[in-house]
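Fold and contact review
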Amino acid sequence: MHAHQVWVDQVQDKDNIPQPVYSVVFSPDGARLLAAVGSRILVYNSGDGVLIDSLRGHKGNVFCLAYSPVGKRFASGGADKTVVIWTHELEGVLKFTHNESIQALAYNPVTLQLASCSAQDFGLWCGEQKNVVKNKLSSRALCCAWTHDGQYLAIGLYSGIISVRQRSGDEKLTIQRPGGHPVWCLSWSPSYGDQYGILTVGDWGQKLSFYQLNGKQIGKDRNIGFDPCSLSYFSNGEFILIAGSNKELTLYSKEGVKLSAITSEDSWVWSAARHPELQHAAVGTNNGTIAFYAVSVSMVHGLYKERYAYRENLTDVVVQHLLTEQIVKIKCRDMVRRVAIYKQRLAILLAEQLIIYELVGEDPNNDMEYKVKERILKKLECNLLVICTQHVVLCQDDRLQLIGFAGEQVRHWQLDSVVRYIKVIGGATGREGLLVGLKSGQVLKLFLNSPFPVQLLTHHSSIRCVDLNLDHNKLAVVDENNTCSIYRTESGELVSQEPDATSVAWNSHHPDLFCYSGTGWVYIKTGNFPSNKQKGQGFVVGFAGTRVYSLKLFSVQTIEVPLSSSMHQYLDKREYKAAYQIASLGVTESDWRNLAQASLTALDFEIARKSFIRVRDLHYLELLGSIEERITRGERNNSLFLGDVKAYQKNFQEAAKLYKKSGHPGRAMDMFTDLRQFDFAKDFLTDSDPQHVKQLIEKQAYWCETINDPKTACDIYTAAGDYDKAIDLMAKHSWSDKLAELGRKLATDSFVVVLQRIAEALKRMEQFVLAIEVLNKLGDTRNLIKLFVDSQQWDEALPLADKYPEFKDDVYLPYATWLAEHDRFDESQDAFNKAGRQSEATQVLRQLTDNAVEEKRFDDASYYLWLMSRSILDRYSQETDPSVREQLAPSIISDFQRSIRLSELYYAYHSIHTFTVQPFTSLMPETLFNIARYLTHAIVGFTPEVDYPGVSKVNILYTLARQGKTVEAYKLSRYAYEKLQGLILPRRFQEIIDFGCITIRCKPFHDREDLLPVCYRCNTTNPLLNNQVEFVLDSDITEEEAMLLLKMESTVDTDTAQHREYPDRDTQTLVLDEQDAGEYKDLFMDRLLATDHTSTEYTPLSVDRDVLRSLTSADVFIRYWPPPLRNQYYKSLMPDLSISSCPSCYQLFHSDDFDLQILQKGSCPYCRAQIESA
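Residues numbered from 1 in each chain as written. Predicted model: local features only at pLDDT ≥ 70, side-chain atom pairs only at ≥ 80, totals over all residues. Heavy atoms only, no water.

Going by the annotation in an unreviewed UniProt entry, the name recorded for the protein chain is Intraflagellar transport protein 122 homolog, with Oopsacas minuta given as the source organism.

Structure below.
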C-alpha cells in the first residue's frame, strides 16, 4: 500500500495563523474538492489543487459540508446556526436556521432530502418544501448518515446514543453505546449484500463497532487506539478510511482489521473524504493542511507452473489454476504482505506471522484445497519471498535468509548487490536451487544446502528478469535496457539478443523455446530462428506448452500462442525430430498433417507414424504398417516405398514413374484402374491376355457405377456379357425400357434364366405390360398368371384360369379376397365358391359381422348377416346329391333363420343405438317407440351376448320408456321403467332413469287408445303386436297353385250380390252367389277368428284354396325363399297403411320411408341392393 501526495495547501488567516479544516467533501464527479476552513468554504480543482473560489456565507466557523448526489447543489452549516444552500455555480440561493450551531449535514441519496443536525434538534428539508421539518434530539448531534436506499437516517449523539430515524423524521430505534462516549463519526456500508447496509460507528472511547439496521451488533467492539474524527468507506465498500487523533489516515478492512496507514500528518485529522471515482483521498487537519493523495496498491503474487497465487482486497489470497480455472480463496483477516507458491506449498506473510499451507488431496495437479501446515509467529521483513518444500527464503535488499518451517534460521547469504529477481529452479527436497539476479548484473545459482553461491555469468547492466531453460544449459536475461540476452550457462557465451523486452520465460516443456514480452507484443523464439510475434499486453511470467501466462495489471491472463511457425521452421531445415517435439506442445491438425506428410516423403517412418497417430489417419497408418512389415521381411526397395507414398499423396504420375523404375509396372496399372484413368492403365498392360482386358473392362464399369454414372456402367456390363450385374443395375435405377430392350435382344433358348430375372425385375418395378411381354416370350403360364394376380389385372387373369383349370385356385382365391376387401361381397361369394372355398366366404362375413358389432356399426352388421344368410342358401343350392341335400336341409334352415333373425334385429337396433349415443335424431318419436316395442318383443326368450351380442337391453327399454312417455303410452312406459330398475345401468343413464321413474308416477295408468293394437285372433289389446298376420298354405297346396289363386281378380258388390271372377289360362268364369248376396263375408277373418287360442305356442294361420281365392294380391305380401325354405305369406289387416316390399330381400317397409331411402341412397336400406338392378 502506497500513497502519493498529488498536491497540498496550507490554509492560514490574515495573521498567518493556521486555520483548522473541519470538513472536506468531493463533488459527485470528483472534479471539485470543498473544504470548510474558518468561516470560508474553499473550492479546489481536485486534479491540480488550484483554488477556484473562496465562498463567504457564514458569520462563524463552518463545521460541515454536504454535496447533493446529483451535483447541482451543496450545503454548508456552522457555528452561526445557519444552513446555506449553494448552487454548482457557487452562488448561495437559500438559507435556514436552527436554535444551535450546525454539527452535521447529509443529503438523501434517493430523494435529495437534506438532513441538518444541530446541538438540540435536526431538520429535514427538500427543494419542494418551504419550511424545514425539525425534530428534537436528546443530546448534541455530532454526525449523521443516510442508508444507501434513502429510507433511514442514523444520527450520532454526544451522549453515546445512535438514533435511527425514518425518512419522515420519526424515530425507528436507538442504540446505546457502552460507556456513553461521544459518537463522532458513522457511515453506512455501500455493500448491497444487506438490504440497508451495515452501520459502522466510531466513538471517542476509541472503539470501532458494526450494527445491523435492527440495532443488533455485529461482532465485538474493536479497539483502534485513537479518537476517530472521520469515517468513510473506500474502494466500493471493501475498505474503511478512518482519521483522527493519531494524525494519520488509516486503512481498515470492512471487518475492522487495521491494514495500513496511508498518510501521516502533523496534527489531528478532522476530516477525510474519498474520491468518488478514483483511488484517491483528501484530508483536512487541525493545523490547516489540505492534502490530496493518490492511493496505490502494489501487486503481491506468486506463480508456479499452472498455479497462480495473488493478493485480493489486501486481506485475502486467491489461488487460481490457470488451466482448469479453479479458484480457492484464503481469508487471512490481516494485511497480506507477501505470497509465495511452490509445488504443494503456499506461504503467506502477514504483519505479525508467516503462515505455511499445504495442498490436500491425492492429485497434486488438480486438487485446490489447502490446509495450514505451520505458523511462524514472528514479524518478518522482506522485499521478496520464496518457499521451497522444507524452507522459506526471505530476501531483504542484498541479504538472503533461509528459515525452516519451525521458524529457525538455517543459514544466510550476504550478496554483493541488491537482489532484483529470485526464482526456485527445482531440485531435491531440502536441496532446491535458486536462480538469483542482482542489480549489479550478476546471475547466481544458490543451493539451499550450500552456503556458497555459484556465479553463472555477469551481465553488463542491472538485471530485471532471469530464467533457465528446461535443460539448464541456456540462460535468458532481461536487463534495465529492455534487452533480452540468451547465454550458454557452461561457457557464458552470448547466443543472441532481442530488443524491446520487459520480461522473459522459457517453455517448461521444450529447452529451445522461449517467449518475451514488450511494446504490446508477445514474441516466440525457437532456437536460432527468427522470432514470431502476436498481440499481447502485460509481462510474461510463465510459458507452458502453447500457453503464455502474462501479468496484466493485477491479474494473470492466459494467452494461447500458435507454434505452427516454429514447427515449420524446423521442417524447412528437414529436422523432423525437432519439429515433432515442437508439435507435441500443441499445433493444429493441419500442422500435424504437414509434419506427417513431410516426414513420410523423407521416409522417416517413425516420425510419420507418430504424427499420423496424432491425427488418427488410419489410411496412412495402414500404409506405414504395410511398409514396416515389408521392411521386416527384408524388402529394401526405397523407390517402391516412395511410389506407395506418392500414390497415397495423390501424386499419381510420379508414383507411376517410381513403380516402373522399381520394376513393378503392374502396380501402376492397378493404381490407374482404381483411379478410373483407364487410358493410363492401358499404357502399363504387360500382355494382351483377353482375361486381363475383360477384368479391366469390368473394373471400368464398376468405377462408372461408383461415380454415379450407372448408364455407362450398364452398357459396359452388357457389352462384357455380365447380364446379372447389368440387370441389377437397371432394376436399381428403374430403367424398365433398358430391361425390355435387353429382353427382346436375348434369345429364348440360351438365356432362359436371364429372361426370368428380367421379368422378375420388371414385375418389382410394376412395369406389368413389359413383364408380360417377356413372360409371353418365355411361354411361362404360371408366372404370367401370378403376375396378373399380383398386379390385380383380373380381366386377364380370370380367362386364363378358365382356360387352364389347374391354376383356378391360384386366381379365384386371391380374387375373392380382393373383392371382399373392396366391399363387393356378392361377387366375393361367387369367387370363393368358384374357388371351392365356401368356408372362407362364410368366415369373411362372420369376421366382418363381429368387427361391425364390436365397433357398434349395427347397420353394417345387419347387412353382413343378410349376406351370410344368402351364402347359407347358396351352399344348399350348390349341392347336387339329393341325399346330402336332405341331410343338410335342417342345419341350413336353422342357420338361415338365426342369421336372418339376428340381421333384422341389428337393423332395428341400429336406430335405438343411434338415439342413445347421439344428441339428435331424425326419427319421429312414434317411429322410435314402435322400433323399441318390436325389439322388446323380439328379444324375449333369448340370451344376450349369445343370441344377440352387442345389443343392449337397457338401451331398448330406455328408448321405449322415454318415447312411450312422449307419445302418451304411459302404461307401457311405466312397464319399461320398472324393467330398467332391475338392470345394471350405465352411469350416464342413472340420473335420467331415476328422474323418469319419479315423473312417470304422476301420469295416467293407461295408454292412449290409438296406440293399443288389437289382436285379430282374440280381439284383445296387446301393445307388443304387429299389424301383419302370417299365414301358411295347407299341405295339399303347392306354391305355384297358391300364386295362381292369389292372382285371380275378384269383384264383389256388397249391396246386391256377391260375385267373383276366376281368370284361367284359356277361360274366364263368373260365379254368382244369390243366397249370400245380401251379406259380405271375409273368409280370412273367419278362419282367423275360428283359430284355437288355448295354445301357448304361436303357429301361423293355415288357409285353404277358398281363402286364397278371397284374398287380393294387394293385401298379401310374399317373401320368396329358395329351397329348402318355403315362401312366407303375410296378410295386411290395415288396408289404409301403405306398405312396400323390397324385390331383393322382401322386407316390408312403410312406403313413404322406403321411397325416401330410395331417393337418398338408391338402394334398399336393409339389403343395400340397387332397386333398378333388383
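1. Quick word on the packing of helix 24 (residues 953-966) against helix 25 (residues 970-981)
Just so we agree on the cut-off: Inter-axis angles, ranging from 0 to 180 degrees, are taken between N-to-C directions of lines fitted to C-alpha atoms, where helices are fitted over the stretch in contact. The helix count covers DSSP runs of H or I at least four residues long, the strand count covers runs of E at least two residues long, and both are numbered beginning at the N terminus. When describing relative orientation, an angle under 35 degrees is termed roughly parallel and one over 145 degrees roughly antiparallel, while 65 to 115 degrees is termed roughly perpendicular and anything else oblique. For any helix crossing, the convention is left-handed if the near helix is rotated counterclockwise from the far helix by under a right angle, and right-handed if that rotation is clockwise. When checking whether two residues touch, look at their non-hydrogen atoms; a contact exists if any pair is within 4.5 Å. Residue polarity follows a fixed list, in which Ala, Val, Leu, Ile, Met, Phe, Trp, Tyr, Cys and Pro are nonpolar, Asp, Glu, Lys and Arg are charged, and the others, Gly among them, are polar.
Where helix 24 meets helix 25, the closest approach of the two axes is 8 Å, and the angle between their N-to-C directions is 150°. As judged from the angle between their axes, helix 24 and helix 25 are roughly antiparallel. Crossing handedness for the pair helix 24 and helix 25: left-handed. Of the residues in helix 25, those in contact with Val954, Leu957, Tyr958, Leu960, Ala961, Arg962, Gly964 and Lys965 of helix 24 are Tyr970, Leu972, Ser973, Ala976, Tyr977, Lys979 and Leu980. In terms of residue class, the contact of helix 24 with helix 25 is built from 10 nonpolar, 2 polar and 3 charged.

2. A word on the packing of helix 22 (residues 882-917) against helix 23 (residues 925-938)
Following both chains from N to C, one finds helix 22 and helix 23 inclined at 130°, their axes separated by 10 Å at the closest point. Classified by the interaxial angle, the pair formed by helix 22 and helix 23 is oblique. In terms of crossing hand, the pair formed by helix 22 and helix 23 is left-handed. Contacts from Glu904, Leu905, Ala908, Tyr909, Ser911, Ile912 and Phe915 in helix 22 reach Leu928, Ile931, Ala932, Tyr934, Leu935 and Ala938 in helix 23. Of the residues contributing to the contact of helix 22 with helix 23, the split by class is 11 nonpolar, 1 polar and 1 charged.

3. Topic: unusual backbone geometry
Of the consecutive residues Pro1123 and Pro1124, the connecting peptide bond is found in the cis state with omega at 5°. Within the secondary structure, Pro1124 is located in the loop between strand 61 (1116-1119) and strand 62 (1128-1132). In this model, Lys247 sits at a positive phi of 65°, which is unusual for a non-glycine residue. We note that Leu603 has phi near 60°; this positive angle belongs to a residue other than glycine. Examined against the element boundaries, Leu603 turns out to sit in the loop between helix 3 (589-601) and helix 4 (605-615).

4. Details of the packing of aromatic side chains
Selection rule: Aromatic rings from Phe, Tyr and Trp, taking only the six-membered ring of Trp, are treated as a pair when their centres fall within 6.5 Å; an angle between ring planes under 30 degrees marks them as stacked, one over 60 as edge-to-face, and anything in between as tilted. Three exposure classes are used, based on accessible area relative to the maximum for each residue type with a 1.4 Å probe and protein chains only: buried under 20%, partly exposed in between, and exposed over 50%.
As enumerated under the stated definition, the model contains 34 aromatic pairs in all. Here the aromatic rings of Tyr958 and Phe989 are separated by 4.4 Å at their centres, their planes lie at 20°, and the arrangement is stacked. Separated by 31 residues along the polypeptide, Tyr958 in helix 24 and Phe989 in helix 26 (residues 987-999) bring together distant segments of the chain. Here Tyr958 and Phe989 have matching classes, each one buried.

5. Focus: the nonpolar core
For soluble globular proteins, the rule of thumb is that nonpolar side chains tend to be buried together. In plain terms, the rule: What makes a nonpolar core is a set of buried Ala, Val, Leu, Ile, Met, Phe, Trp, Tyr and Cys residues whose side-chain atoms join them at distances within 4.5 Å.
Ranked by internal contacts, the top residues of the largest apolar core, which has 63 residues, are Trp866 and Tyr906. The set of elements that each furnish at least two residues to this core consists of helix 20 (838-854), helix 21 (858-877), helix 22, helix 23, helix 24, helix 25 and helix 26. Counting 51 residues, the second largest nonpolar core, distinct from the first, contains Tyr304, Ile355, Phe405 and Val436.

6. Digging into the sheet that holds strand 43 (residues 442-447)
We apply this condition: In this description, strands pair whenever DSSP reports at least two bridges between them.
An order of 41-42-43-44 is seen for the 4 strands of this open sheet, with the pairing classed as antiparallel. Edge strands, defined here as strands with exactly one partner in the open sheet, are strand 41 (419-424) and strand 44 (454-458). Across the sheet, the axes of successive neighbouring strands diverge by a mean angle of 20°, strand direction being ignored. Note that strand 43 and strand 44 share 4 bridges and pair antiparallel. What sits directly across from Val443, in strand 44, is Leu457.

7. Concerning helix 2 (residues 576-585)
Taking burial as the measure, the 10 residues of helix 2 include 7 buried ones, the bulk of the element. Residues of helix 2 that are buried: Tyr576, Ala578, Ala579, Tyr580, Ile582, Ala583 and Leu585. Buried-residue contacts for helix 2 involve strand 50 (513-518), strand 51 (521-526), helix 1 (564-572), helix 3 and helix 4. Of the residues one or two after helix 2, Gly586 is the one with positive phi, at around 135°.

8. Looking at the environment of Lys725
Secondary-structure assignment places Lys725 in helix 12 (residues 723-732). The spatial distance from the C-alpha of Lys725 to the C-alpha of Ala701 is 10.0 Å, given a sequence separation of 24 residues.

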